[in-house]
Amino acid sequence: MAEPLNLTGLTGLDVDQPGVCTIEASCVTGFETMAQEEIKELLDCDGTVHRGRVLFDFPVSRVKELRRLRTVNYLWVMVGHTHKRVRRTSWSAWQTLPPH
């Protein structure tokens, strides 16, 4: 079984940070370091490496830039929430993406 994700230091899940989201980028196991280097080079973000994935915080206003990544298979956008409300500001950024 895989180890739980270490979310220490990531601020994108904090409801008090509406302009930041946490990205989970999956990649082929063994290529995590390469994906981390690409994220640093193209997006200027530091990522946390886990088996088969890299997690990092990213500004909601720049989510379109995530499409430039080539070493990742899938991207998940994780936004902060509480039981009372869900932050919806990041969804509007995804709605403005042009179709393929």
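Refer to the structure presented above.
A brief look at the structure comes next.

1. A closer look at the pattern of salt bridges
Thinking step 1. Per the counting criterion, the structure on display carries five salt bridges.
Thinking step 2. Notably, a salt bridge pairs Glu24 with Arg53, separated by 2.1 Å at the nearest N-O pair. Remark: Arg53 occurs in strand E3 (residues 53-59) and Glu24 occurs in strand E1 (residues 20-26); sequence separation between them is 29 residues.
Thinking step 3. Residue classification places Glu24 among the buried residues on the basis of a relative accessible area of 8%.
Thinking step 4. Classification of Arg53 as partly exposed rests on a relative accessible area of 26%.
Thinking step 5. Between Arg68 and Glu65 there is a salt bridge; the shortest N-O distance is 3.9 Å.

2. Regarding the sheet that holds strand E2 (residues 48-50)
Thinking step 1. Read across the open sheet, the four strands follow the order E2-E3-E1-E4; overall the sheet is antiparallel. Looking along the sheet, the strands with just one partner apiece sit at the ends: E2 and strand E4 (74-78). Averaged over all pairs of adjacent strands, the angle between strand axes in this sheet comes to 25°, irrespective of strand direction.
Thinking step 2. Along the sheet face, helix H1 (residues 32-43) touches E2 and E3 and points at about 15° away from the line of E3.

3. Brief notes about the packing of aromatic side chains
For any pair of aromatic rings, the description rests on two quantities: the centre-to-centre distance and the angle between the ring planes.
Thinking step 1. Under the definition given, this model contains two aromatic pairs.
Thinking step 2. Here the aromatic rings of Phe56 and Phe58 are separated by 6.1 Å at their centres, their planes lie at 85°, and the arrangement is edge-to-face. As far as the burial class goes, Phe56 and Phe58 line up, both buried.
Thinking step 3. Centre to centre, the rings of Tyr74 and Trp76 are 6.1 Å apart; their planes meet at 40°, and the pair counts as tilted.
Thinking step 4. Residue Trp76 is classed as partly exposed on the basis of its relative accessible area, which comes to 41%.

Here is what the cut-offs are and how they apply
- Residues numbered from 1 in each chain as written.
- Predicted model: local features only at pLDDT ≥ 70, side-chain atom pairs only at ≥ 80, totals over all residues.
- Heavy atoms only, no water.
- Salt bridge = Lys/Arg side-chain N within 4 Å of Asp/Glu carboxyl O.
- Helix = DSSP H or I, 4+ residues; strand = E, 2+ residues; numbered from the N terminus.
- Buried < 20%, exposed > 50% of the residue type's maximum accessible area, 1.4 Å probe, protein only.
- Pairing = 2+ DSSP bridges.
- Axes fitted to C-alpha atoms, helices over the stretch in contact; angles between N-to-C directions.
- Contact = heavy atoms within 4.5 Å.
- Phe/Tyr/Trp six-rings, centres within 6.5 Å; stacked < 30°, edge-to-face > 60°.

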